Amino acid sequence: MSEVGDKIRCDACPVLCYIRPGMTGACDRYANRDGQLVRVDPHVLLDRALSEGGKVVPFVNAEAAWSGDILRRPGPLVTAVGAGTTYPDYKPAPFIVSSKVDGVDMVTVVTEGIYSYCGVKLKIDTDRHLGAECAIVRAEGEPVGHVTTGEYGSQMLSLGGVNHLTHGGKKEGRVTCDTLLNLCNGKPVELVVDGGATVIVQAGKAPIINGKLEERMRVGCGSATIGMFAKQWGDKVDEVVVVDDHITGVLSEHQAGKLLGMRDTGIRMKGRRSTPGRYFHVAEPGTGWGGTNVSDPLDIIAGFNPKVARSGMTMLMVSTTGEQHAFFRLGEDLRPIEAELPEALRESVERISENCEPALCSVLFMAGAGGSLRAGVTENPVRLTRSVRQALTTVTAGGAPVTVWPGGGITFMVDVTLLPENSFGYVPTPAIVAPIEFTLRLDDYAALGGHVDEVRPLEEVVAEHAQRPNAIFSNGVVARSVGARRKA
Amino acid sequence: MRAPPQQRRLADGRMHLHDGPIDLIIEAFGETSAVEEAYAGAWGRFATILDELCAELPLLRADPRDAHAPRGAVARRMAAAVAPFRARRFLTPMAAVAGAVAEEVLEAMTTGRKLARAYVNNGGDIALHLSPGETFSIGIVDRPDRPILSACATVDAADRVRGVATSGWQGRSFSLGAADAVTVLAASASVADAAATLIANAVDIPGHPAIRRTPACDLDPQSDLGERRVTVAVGPLTRDEINRALALGVAEAELWRDRGLIEAAALRVGEQTGLVGAAVSRYLGRVPTVVHNGEKALHAVS
């Protein structure tokens with residue numbers, strides 16, 4: 001590599017491209033970043049100690065004895081971030097590293113996978129209605145995924161997958177790829193659900209739904225909230241309604257209220273009663289009270305039975321996060337009239353809020369490594385799959401632990417916040433590029449047809465990289481502790 | 001750190017050759033021994049192609065009026081392919097590089113052997129070999145991997161077509177126009193390559209704010225396009241605007257077809273297509289499935 005003005009000259013092939021800052025060469029594989037020739041992603045050696053704090057590892061002093069127990073003991077781990085793709089596939093993965101541990105050689109096969117079959121599973125902590133199940137989720141107007149199941153205090157979205165990446169329109173594929181890349185690299189993404197909400201999601205951050213920051217995850221469903229706080233309400237108010245789109249709770253009818261000896265109030269709820277004090281479908285789903293579409297909570301009450309209700313009765317209505325609440329007193333005509341919330345009840349409302357966890361978006365990257373990238377690891381790819389199945393080979397992604405799905409192939413999921421910053425890249429196929437490492441005993445590696453001739457001792461890799469810091473730690477990127485990302 | 005050229009057999013039997021920015025997918029049909037010899041011949045020729053081209057790169061990037069004729073075999077193919085267009089348009093030999101490489105490797109495969117059919121696909125620019133009575137069906141897929149073909153043409157040994165090429169603003173090469181994809185059928189891959197570049201340049205709405213452009217030299221200091229403004233983004237266009245842009249491209253395609261340089265072309269912007277030439281429209285039809293492989297492959301060859 002040589003420099004000419006602000007341009008650099010790449011020597012990776014005889015085209016010898018001059019590359020301007022921020023641009024790539026003719027092959028799209030090498031780039032000029034701040035005057036340095038880099039692969040698009042930095043190469044990272046990680047201290048895999050799971051401690052907090054982003055400690056920088058002194059590579060030259062890295063302990064020679066590398067712990068073979070890759071996931072449980074501290075020690076340097078070579079990760080695949082920026083390892084360089086091994087296309088065409090048969091080339092041995094760029095770093096096949098061995099180190100003696102208790103007389104057993106361990107091998108980490110470090111490569112970057114190109115995943116045309118990949119996506120993210122998004123968990124958004126909210127009670128608000130984001131859209132109907134199966135509704136299309138869009139980014140920049142293009143379909144990139146869909147709404148899937150509602151889970152406890154959260155809504156799941158499924159984005160990407162081969163159908164959006166490659167079977168849709170050209171723009172759909174590109175936008176899907178951008179969306180996945182940004183989410184995986186911890187950047188915010190705006191998603192619009194057909195017939196539903198607009199939500200800004202970012203891994204490890206609170207969702208912003210229709211422009212409003214979602215601060216809390218519900219303490220429980222309406223019925224559960226009744227159960228948790230009944231004792232604090234029993235002697236202070238005649239009726240409590242916890243408004244929830246899924247299961248609205250009514251204290252006087254609920255088992256918890258009965259046990260406290262609460263009297264009937266004659267309240268008549270809208271919706272469908274499931275069991276005493278538990279109501280389904282009191283309104284339509286929405287972004288109002290407790291994930292319903294109501295902004296006036298009285299809309300979910302049909303009235304009060306005059307034979308039972310009496311004027312002066314008090315009622316608290318509250319959402320499952322405590323975020324919305326209102327206090328009422330029944331008038332002469334048995335209509336609820338809003339009144340100031342008594343101090344004694346304010347405390348219980350605040351306690352609901354206090355018991356809510358912060359609402360977050362979590363992003364799991366899911367991809368299949370069952371394809372050709374295995375060829376960079378072994379000449380007999382199916383043996384690698386079997387070896388993973390038999391737990392002889394440990395799979396990690398950028399040093400982070402992964403969940404490997406049972407069944408065929410090597411399909412895994414990983415929490416993107418556990419990978420080093422900007423671990424994910426893309427190719428215009430479109431597909432996502434992500435690091436993956438396979439760690440196994442050297443003799444097992446030989447047995448499954450591994451590229452044993454390419455195995456290099458860890459010390460050599462570490463030493464070589466210490467001498468060529470720019471090739472690895474371009475732009476001042478340094479290794480961080482796994483898990484330290486974005487926690488500062 | 002010069003990485004050596006690579007060859008490998010794909011799972012389905014095709015060969016993949018790779019060197020620097022070049023990726024070729026090749027396949028031959030015929031007696032097994034002839035096919036294997038053809039692959040060996042392709043590899044033998046391919047191994048030095050990038051070095052040969054790079055030796056003359058400054059010359060190939062220059063306006064041919066200011067430069068002497070290149071010497072390399074591929075370089076001569078490039079210069080010859082662009083020559084007939086140059087009376088009316090600016091073009092350097094680089095406009096035909098992908099097609100010329102495909103042709104050169106195909107020739108190495110077929111010379112002195114009997115093959116029923118063979119092709120060399122260089123990132124979407126394809127050279128074809130057909131012995132009498134044989135055909136290739138070519139699907140044009142402007143949405144890679146999606147089983148919807150915008151067009152399908154059958155190339156018969158009796159046709160003149162032996163080359164297919166595609167150009168557009170989103171490809172790896174620069175384009176001056178707004179075409180997503182212009183696919184050209186011509187007598188050779190190198191001529192198809194040059195023509196596709198010119199027709200894609202012509203599909204345009206000059207001055208339209210949705211079509212964003214940047215001087216080529218700002219993106220790539222060595223680009224043969226110099227200060228010419230190349231398309232970097234195409235925003236939403238109305239149906240009418242697309243029709244206007246396509247009409248300009250169709251006129252360009254007809255100009256070259258009238259001069260016998262191309263046989264047919266299919267032009268695509270957004271969801272709209274423009275077609276030129278009997279070879280496409282005669283055989284045009286929907287086909288049920290797509291054979292597709294490769295990053296930029298806009299064509300399916302069977």
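For clarity, every value in this text was computed on a predicted model and none was experimentally measured.

Quick notes on the rules
Residues numbered from 1 in each chain as written. Chains lettered and ligands numbered in written order. Predicted model: local features only at pLDDT ≥ 70, side-chain atom pairs only at ≥ 80, totals over all residues. Helix = DSSP H or I, 4+ residues; strand = E, 2+ residues; numbered from the N terminus. Buried ≥ 20, exposed ≤ 12 C-beta atoms within 10 Å, placed from the backbone. Contact = placed C-beta atoms within 7 Å. pLDDT = per-residue confidence, 0-100. Axes fitted to C-alpha atoms, helices over the stretch in contact; angles between N-to-C directions. Parallel < 35°, antiparallel > 145°, perpendicular 65-115°, else oblique. Left-handed = near helix turned anticlockwise from the far one by under 90°. Nonpolar A, V, L, I, M, F, W, Y, C, P; charged D, E, K, R; others polar. Pairing = 2+ DSSP bridges. Core = buried A, V, L, I, M, F, W, Y, C linked by C-beta atoms within 7 Å. Domains from an automatic or database assignment.

With respect to the overall build of chain A
Assigned secondary structure in chain A consists of nine helices and 34 strands. In chain A, which comprises 488 residues, the proportion classed as buried is 49%. For chain A, contacts bridging at least 24 residues in sequence account for 65% of all contacts bridging at least 6.

A few points about helix H4 (residues 73–82) of chain B
Residues and elements named next belong to chain B. In terms of burial, H4 is largely enclosed, as seven of its ten residues are buried. Buried within H4 are the following residues: Val-74, Ala-75, Arg-77, Met-78, Ala-79, Ala-81 and Val-82. The elements touched by buried residues of H4 are helix H2 (49–55), helix H3 (57–61), helix H5 (97–110) and helix H6 (189–202).

Remarks on the confidence of the model for chain B
Residues and elements named next belong to chain B. Per-residue confidence for chain B gives a mean pLDDT of 82, with 85% of residues at or over 70. Here strand E14 (residues 299–301) is the element of chain B with the lowest mean pLDDT, 33, and H5 is the one with the highest, 96. Every residue in residues 143–148 is under pLDDT 50, and counting partners more than four places away or in other chains gives 15 contacts. Interface confidence in the predicted complex, given as ipTM, is 0.71; pTM for the same model is 0.47.

Considering the packing of H6 of chain B against helix H8 (residues 239–258) of chain B
All names here are of chain B. Contact pair H6 / H8: the axes reach a minimum separation of 7 Å and the direction vectors enclose 150°. Looking at the two axes, H6 sits roughly antiparallel to H8. Between H6 and H8 lies a crossing whose hand is right-handed. Judged by residue contacts, Ala-195, Leu-198, Ile-199 and Ala-202 of H6 engage Leu-248, Gly-249, Glu-252, Ala-253 and Trp-256 from H8. Its residues placed into classes, the contact of H6 with H8 shows seven nonpolar, one polar and one charged.

Here's the deal with the sheet that holds strand E5 (residues 125–130) of chain B
In a beta sheet, neighbouring strands are held together by backbone hydrogen bonds and run either parallel or antiparallel to one another. Residue and element names in this part refer to chain B. Strand order across the open sheet formed by nine strands is E1-E2-E3-E4-E5-E8-E9-E12-E13, with antiparallel pairing between neighbours. Looking along the sheet, the strands with just one partner apiece sit at the ends: strand E1 (6–9) and strand E13 (272–276). When the angles between neighbouring strand axes are averaged without regard to direction, this sheet yields 15°. Here strand E3 (residues 22–29) pairs with strand E4 (residues 117–122) via six bridges, running antiparallel. Pairing of Glu-27 across the sheet is with Tyr-119, part of E4. Running over the sheet, H6 touches E5, strand E8 (163–167), strand E9 (181–186) and strand E12 (262–269) and is turned about 25° from E8.

Concerning the sheet that holds strand E21 (residues 272–275) of chain A
Residue and element names in this part refer to chain A. One open sheet holds the seven strands; their spatial order is E21-E22-E19-E18-E24-E25-E26, and the pairing between them is mixed. Among the strands making up the open sheet, the edge pair consists of E21 and strand E26 (336–339). Ignoring strand direction, the axes of neighbouring strands in this sheet form an average angle of 30°. Pairing of strand E24 (residues 314–319) with strand E25 (residues 325–330), which is carried by five bridges, proceeds in the antiparallel orientation. Residue pairing in the sheet places Met-315 in a bridge with Phe-328 of E25. Against the sheet, helix H3 (residues 222–233) contacts strand E18 (239–243), strand E19 (248–250), strand E22 (278–280) and E24, and its axis sits at roughly 150° relative to E18.

Quick look at the nonpolar core
Membership of the largest hydrophobic core comes to 91 residues, with the highest contact counts inside it found for Val-120, Leu-180, Cys-184, Val-363, Phe-365, Ile-432 and Ala-434 of chain A. When residues of this core are assigned to their parent elements, the largest contribution, seven residues, is made by strand E33 (residues 431–441) of chain A. Counting contributing residues per domain, this core is built from domain 1 (130–146 + 161–215) and domain 2 (222–354) of chain A, each supplying no fewer than three. In this view, Val-120 of chain A contacts Leu-159, Gly-160, Leu-180, Leu-183, Cys-184, Val-363, Leu-364, Phe-365 and Met-366 of chain A; residues no more than four positions away in its chain are not counted. Ala-95, Ala-186, Val-234 and Ala-253 of chain B belong to the second-largest nonpolar core, a separate cluster that totals 85 residues.

So, the environment of Val-433 of chain A
Its place among the elements puts Val-433 of chain A in strand E33. Along the primary structure Val-433 of chain A and Leu-181 of chain A are separated by 252 residues, whereas in three dimensions their C-alpha atoms are 8.9 Å apart.

Digging into the packing of H3 of chain A against helix H5 (residues 343–354) of chain A
Residue and element names in this part refer to chain A. Running from N to C, H3 and H5 point in directions that differ by 150°, and their axes come no closer than 10 Å. With respect to each other, H3 and H5 are oriented roughly antiparallel. Crossing handedness for the pair H3 and H5: right-handed. Between H3, through Thr-225, Phe-229, Gln-232 and Trp-233, and H5, the contact on the second element is made entirely by Ser-348, Arg-351 and Ile-352. Split into classes, the residues belonging to the contact of H3 with H5 amount to three nonpolar, three polar and one charged.

A word on the pairing of strand E27 (residues 361–368) of chain A
For a regular strand, the rule is simple: side chains alternate between the two faces of the sheet. Residue and element names in this part refer to chain A. Across seven bridges, the pairing between strand E10 (residues 118–125) and E27 is antiparallel. Bridging from a neighbouring strand, Gly-119 pairs with Met-366 of E27. Strand direction decides the pairing type here: E27 and strand E31 (residues 411–415), joined by five bridges, are antiparallel. The residue of E31 that forms the bridge with Phe-365 is Val-414.

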